[in-house]
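Structure at a glance
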Amino acid sequence: MITSRIFGGLGNQLFQYAAGRALALVGNDQLQLDTRLVPEAQHGAYALKHFNIAAAPASSDQLPPSKDKPVRYGLWRKFGRSPRFLREKGLGFDPTVLEQRGDVYLHGYWQSEKYFAACADQLREDLIITTPPSAENETWLHDIKNVPSVSLHLRRGDYLSAASGGASTATCDEAYYQRALDQIVSETGIDPVVFVFSDDPNWALENLRFSFETRFAGHNGADKHYEDIRLISACQHNIIANSTFSWWGGWLNANPEKRVIAPKKWFKTDEDLNPDIIPADWIRV
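Residues numbered from 1 in each chain as written. Predicted model: local features only at pLDDT ≥ 70, side-chain atom pairs only at ≥ 80, totals over all residues. Heavy atoms only, no water.

Focus on the pairing of strand β1 (residues 2–5)
- Where burial is concerned, the two faces of β1 agree: the one with I2 and S4 and the one with T3 and R5 are both buried.
- Across four bridges, the pairing between β1 and strand β2 (residues 31–34) is parallel. Looking across to β2, one finds that S4 is bridged to L33.
- Of the crossover connections in this fold, the one passing from β1 over helix α1 (residues 10–26) to the parallel β2 is right-handed.
- Bridge count for β1 against strand β5 (residues 104–107) is three bridges, and the pairing is parallel. Note that in β5 the partner of T3 across the bridge is Y105. (Buried < 20%, exposed > 50% of the residue type's maximum accessible area, 1.4 Å probe, protein only. Helix = DSSP H or I, 4+ residues; strand = E, 2+ residues; numbered from the N terminus. Pairing = 2+ DSSP bridges. Right-handed = clockwise from strand over helix to strand, strands pointing away.)

Listed below in structure tokens is the structure:
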């Protein structure tokens with residue numbers, strides 16, 4: 001059995017599922033999810049229930065000790081073999097992870113397509129959003145599919161707070177988004193309609209100005225993040241932030257001619273460098 005620890009926001013949860021699913025498929029094994037760190041009714045709640053995933057949250061009796069039992073938890077971390085604790089050693093891709101077999105417990109972010117590239121087709125089936133869109137989102141989907149659409153994701157929120165991630169991550173500035181739009185127009189020749197998604201939609205509306213038609217999506221709250229992922233992935237092309245959330249919007253885009261633009265610099269400093277986070281066919285500007 002492969003067990004994947006699920007924690008963080010939706011983008012992180014999708015990476016954690018993807019790595020666990022890939023390891024289970026390679027080893028012809030089953031996958032279960034440890035969702036004790038993403039309780040309902042809290043920020044960062046378990047969100048994979050909206051997708052067609054091939055795994056379920058495990059019950060407490062199926063899981064190793066939790067941190068609220070520090071002695072048992074410490075002994076398992078140090079000596080436990082059932083399951084064997086496997087923690088991510090760094091931000092880049094570690095090919096030895098996919099060589100693991102047997103009863104394995106995965107703890108990490110696993111932020112690279114390389115962990116699941118071999119099963120990408122299956123994973124795209126797993127990550128179909130099964131929760132039906134609201135009537136308002138149906139209208140947005142219709143509009144997106146009937147124009148030369150480009151999604152643009154701006155993340156501010158926690159990136160502006162050193163206490164919750166701002167120490168290592170920084171927001172992408174307006175110059176980045178303009179360069180990204182110029183790149184898409186240059187390569188495709190389209191006159192794009194830009195769909196802006198942000199955790200700070202009011203700031204985006206007041207501050208982002210482009211020479212193309214721009215529509216601001218601010219109708220989905222934090223608990224409807226999967227709706228925004230669906231809208232982003234429906235766009236013809238994607239401009240992502242340095243955010244795993246919009247990363248998945250770009251990756252799930254099924255357009256074979258898509259251009260996905262990503263920032264060259266993901267973190268503020270090179271100390272947190274992940275050389276494998278951006279797929280080889282995406283464009284960094």
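From this point on, the discussion continues.
As for the packing of aromatic side chains
- Applying the stated rule across the entire model yields 19 aromatic pairs.
- Plain terms: the ring middles of F116 and W247 are 6.4 Å apart, the flat faces sit at 85° to each other, and that makes the pair edge-to-face. Residue F116 is found in the loop between β5 and α3 (120–126), and its partner W247 is found in helix α8 (residues 244–251); the two are separated by 131 residues along the sequence.
- For W247, a relative accessible area of 0% corresponds to the buried category.
- An angle of 70° between the planes, with centres 6.0 Å apart, marks the rings of W140 and F195 as edge-to-face. (Phe/Tyr/Trp six-rings, centres within 6.5 Å; stacked < 30°, edge-to-face > 60°.)

Comments concerning the confidence of the model for the chain
- Predicted confidence across the chain gives a mean pLDDT of 92, with 93% of residues reaching 70 or more.
- In the model, residues 162–167 has pLDDT below 50 throughout and makes eight contacts with residues more than four positions away in sequence or in other chains. (pLDDT = per-residue confidence, 0-100. Contact = heavy atoms within 4.5 Å.)

Re the pattern of salt bridges
- Under the counting rule described, the total for this entry stands at nine salt bridges.
- Across the pair R215 and E213 runs a salt bridge whose closest N-O atoms are separated by 2.8 Å.
- The class for R215 is partly exposed, based on a relative accessible area of 24%.
- With a relative accessible area of 43%, E213 lands in the partly exposed category.
- Close ionic contact of D223 with K224 constitutes a salt bridge, the shortest N to O distance being 3.5 Å.
- On the basis of relative accessible area, K224 is assigned to the partly exposed category, the value being 32%. (Salt bridge = Lys/Arg side-chain N within 4 Å of Asp/Glu carboxyl O.)

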